[in-house]
Amino acid sequence: MTSSSTGSSLDELSAIDAELDDEERLVRESVRRFVRERYLPRAAELYAREEFPRDLVPELAELGVLGASITGYGCAGMSPVAYGLMLEELEYGDSGLRSFTSVQGSLAMFALYAFGSEEQKQQYLPAMARGQIIGCFGLTEPDSGSDPGSLKTRARRDGGDFVLSGTKMWITNAPIADLAVVWAKTDDGGAESIRGFVVERGTPGFETSRIHGKMSLRASETGVLHFDGCRVPARAALEHKPGLGAALQCLAAARFGISWGAVGAAKACFDCVLAYTKERLQFGVPLAKKQLVQAELAGMASAIVRAELLSLHYGRRKQRVKKLSPAQVSLCKRNNVEMALETARAARNLLGANGILLDYPVIRHLMNLESVYTYEGTHEIHTLVLGKALTGEDAF
Ligand code: TGC
Ligand code: FAD
């Protein structure tokens, strides 16, 4: 079985091409070309320098990947499968590149699209699709991660305004964001509940700082959002049923995309190690001639193809019925990220000592996937979502 110049032998095994329409193939090919020509040559250096390549944002916008699943407002209106393939190709490059795109599109832009006023949509979405406004999504806090219902950030009503106070931590894109979608507790209108707000950079009382020294997702900028008496007009509040449901709807969109992205990271590890085992001689023959090595490769290929077909199935279903259940999304994210992490670990092992060098993409993906395993709902949280769906028992 041979690899095509742009594709992988895995694509031949899954025969996924035959299941895609022209638009989906075109999206996959154009993003694949961008990643291989424009990102991969710089990937190790960006990772080593803890740097997100801001200079590539206009090219990402040109490719139509920002807010790609949104229809109208200058967005590409991609099908769920085209959107997923696009993220798979981006994460073949680096999880940080995919993270940037997920947060911009599935979290910040999706929140505005689903819960923003018409004025907010017109004001922000076209510029975000062009990459001229970068967004972030602030849910997690220093003391509130898996249990976002316990968040402490407050939005106090004061006449025609809201006044925000609190801290959001571990926020992707925070240091480079022009606006933040922020989830805060308010008692406006009676009982205390969670609401989303849009806060622009430059608003007095709103600052961001960068988290340095991450050993994972180093090519993604992660930071803290600080709100100290930050006054925003009432029209900055998103329009949704009060509570956590709106934030979780945004997360559902992003988690579906991550299930595809993880397949891309796993494929990058597989392609690297397949080539390596054909060239690396030990005991006088290529590693690829050893049965134990072939068993590893066969296991990896099977797991990757199964994961991609799972995402394809849910993507088609999402297109047909418009929405996946929370348990379906959890199953997909949980399965595919675990698969990618195990694939990356196995690939790292097959590279031997070389596996710890940034000269090969594998250790970078392995370290990145440790974050992907934790964010957007940890592996355990998705296990518990599935457990609850299966048993009816809430074990959170
Ligand atoms: P619970 O009482 O069960 O539900 C509250 C309301 O939300 C609805 N709901 C969902 N809606 C859509 N999708 C889902 N998956 C949903 N799960 C629940 C639910 O129906 C209810 O609606 P309503 O109308 O009745 O009010 O909420 P809970 O507090 O018990 O929480 C459940 C739990 C633990 C699953 C949830 O809190 C959770 O998912 N925790 C994990 C937190 C998380 O994922 N944080 C991610 C932060 S963002 C991020 O990590 C970005 S990284 C991006 C990158 O760089 O790529
Ligand atoms: P905790 O919730 O403290 O969990 C610690 C451990 O306990 C985990 O293993 C967890 O699975 C386990 N655990 C928790 N509860 C239970 C339970 N009930 N039963 C069994 N085990 C449990 N957040 C945002 O809002 N926006 C972002 O853009 C964003 N980007 C991120 C980027 C990176 C690089 C990282 C690492 C995180 C990012 N996050 C973001 C935060 C991320 O969503 C949280 O880290 C995640 O939700 C987990 O929260 P926590 O880190 O506080 O862990």
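Predicted model, so just to flag it, every value in this text is computed and none were measured. (Residues numbered from 1 in each chain as written. Chains lettered and ligands numbered in written order. Predicted model: local features only at pLDDT ≥ 70, side-chain atom pairs only at ≥ 80, totals over all residues. Heavy atoms only, no water.)

1. Notes on the environment of Gly377
Tracing the backbone through its elements, the reader meets Gly377 in the loop between helix 10 (362-374) and helix 11 (379-391). Judged by its relative accessible area of 16%, Gly377 falls in the buried class. Each C-alpha atom of the pair Gly377 and Leu251 lies 8.6 Å from the other, and the pair is 126 residues apart in sequence. (Helix = DSSP H or I, 4+ residues; strand = E, 2+ residues; numbered from the N terminus. Buried < 20%, exposed > 50% of the residue type's maximum accessible area, 1.4 Å probe, protein only.)

2. Here's the deal with helix 5 (residues 95-115)
At Met109, helix 5 is bent by approximately 35°, the largest bend along its length. Of all 21 residues in helix 5, 18 are buried, a share of seventy percent or more. For helix 5, the N-terminal capping position is held by Asp94, with its side-chain oxygen 2.7 Å away from the main-chain nitrogen of Gly96. (Bend = angle between axes of the 7 residues up to and from the residue. Polar contact = N/O pair within 3.5 Å; in protein donor to acceptor, adjacent residues only side chain to side chain.)

3. Focus: unusual backbone geometry
Non-glycine residue Phe283 carries a positive phi angle of around 50°. Here Phe283 is to be found in the loop between strand 10 (281-282) and strand 11 (285-286). Residue classification places Phe283 among the exposed residues on the basis of a relative accessible area of 79%.

4. Description of the packing of helix 7 (residues 245-279) against helix 10
In the contact formed by helix 7 and helix 10, the axes pass within 9 Å of each other and the chain directions differ by 160°. In terms of orientation, helix 7 lies roughly antiparallel with respect to helix 10. Between helix 7 and helix 10 lies a crossing whose hand is left-handed. Between helix 7, through Ile258, Ala265, Ala268, Cys269 and Cys272, and helix 10, the contact on the second element is made entirely by Val362, His365, Leu369 and Val372. Residue composition of the contact of helix 7 with helix 10, grouped by class: 8 nonpolar, 1 polar and no charged. (Axes fitted to C-alpha atoms, helices over the stretch in contact; angles between N-to-C directions. Parallel < 35°, antiparallel > 145°, perpendicular 65-115°, else oblique. Left-handed = near helix turned anticlockwise from the far one by under 90°. Contact = heavy atoms within 4.5 Å. Nonpolar A, V, L, I, M, F, W, Y, C, P; charged D, E, K, R; others polar.)

5. A few points about the site of ligand 1
Taken together, 23 residues sit near ligand 1, with Ser99, Thr172, Lys241, Arg255 and Gly377 positioned nearest. At 2.9 Å, a side-chain N or O of Thr172 approaches an oxygen atom of ligand 1. Measuring from an oxygen atom of ligand 1, one finds a backbone N or O atom of Gly377 at 2.8 Å. Here ligand 1 loses 72% of its free accessible area of 1100 Å² to cover by the protein chains. Its residues assigned to classes, the shell around ligand 1 shows 10 nonpolar, 9 polar and 4 charged. (Near = heavy atom within 4 Å. Areas by Shrake-Rupley, 256 points an atom, 1.4 Å probe, with all protein chains shown as cover.)

6. Points about the nonpolar core
Judged by nonpolar contacts, the single largest core of 38 residues is most densely connected at Met86, Leu90 and Phe100. Within the residue set of this core, elements represented by two or more residues are helix 2 (22-48), helix 3 (57-63), helix 4 (80-93), helix 5, helix 7, helix 8 (291-321) and helix 9 (326-350). Structurally, this core is a two-domain feature, drawing no fewer than three residues from each of domain 1 (8-129) and domain 3 (245-391). Residues contacting Met86, with those up to four places away along its chain left out, are Val27, Val31, Val65, Ala68, Met78 and Thr101. By size, the runner-up hydrophobic cluster in this structure holds 37 residues, among which are Leu274, Val337, Ala340 and Val372. (Core = buried A, V, L, I, M, F, W, Y, C linked by side-chain atoms within 4.5 Å. Domains from an automatic or database assignment.)

7. A look at the pattern of salt bridges
Scanning the entire structure with this criterion turns up 25 salt bridges. Of the charged contacts, one joins Glu88 and Lys267 as a salt bridge, the two residues approaching to 2.8 Å between their closest N and O atoms. Here Glu88, found in helix 4, pairs with Lys267, found in helix 7; they are 179 residues apart in sequence, far enough to count as distant. The exposure classification of Glu88 matches that of Lys267, with both residues buried. Residue Lys168 is joined to Glu141 by a salt bridge in which the shortest nitrogen-to-oxygen separation is 2.8 Å. (Salt bridge = Lys/Arg side-chain N within 4 Å of Asp/Glu carboxyl O.)

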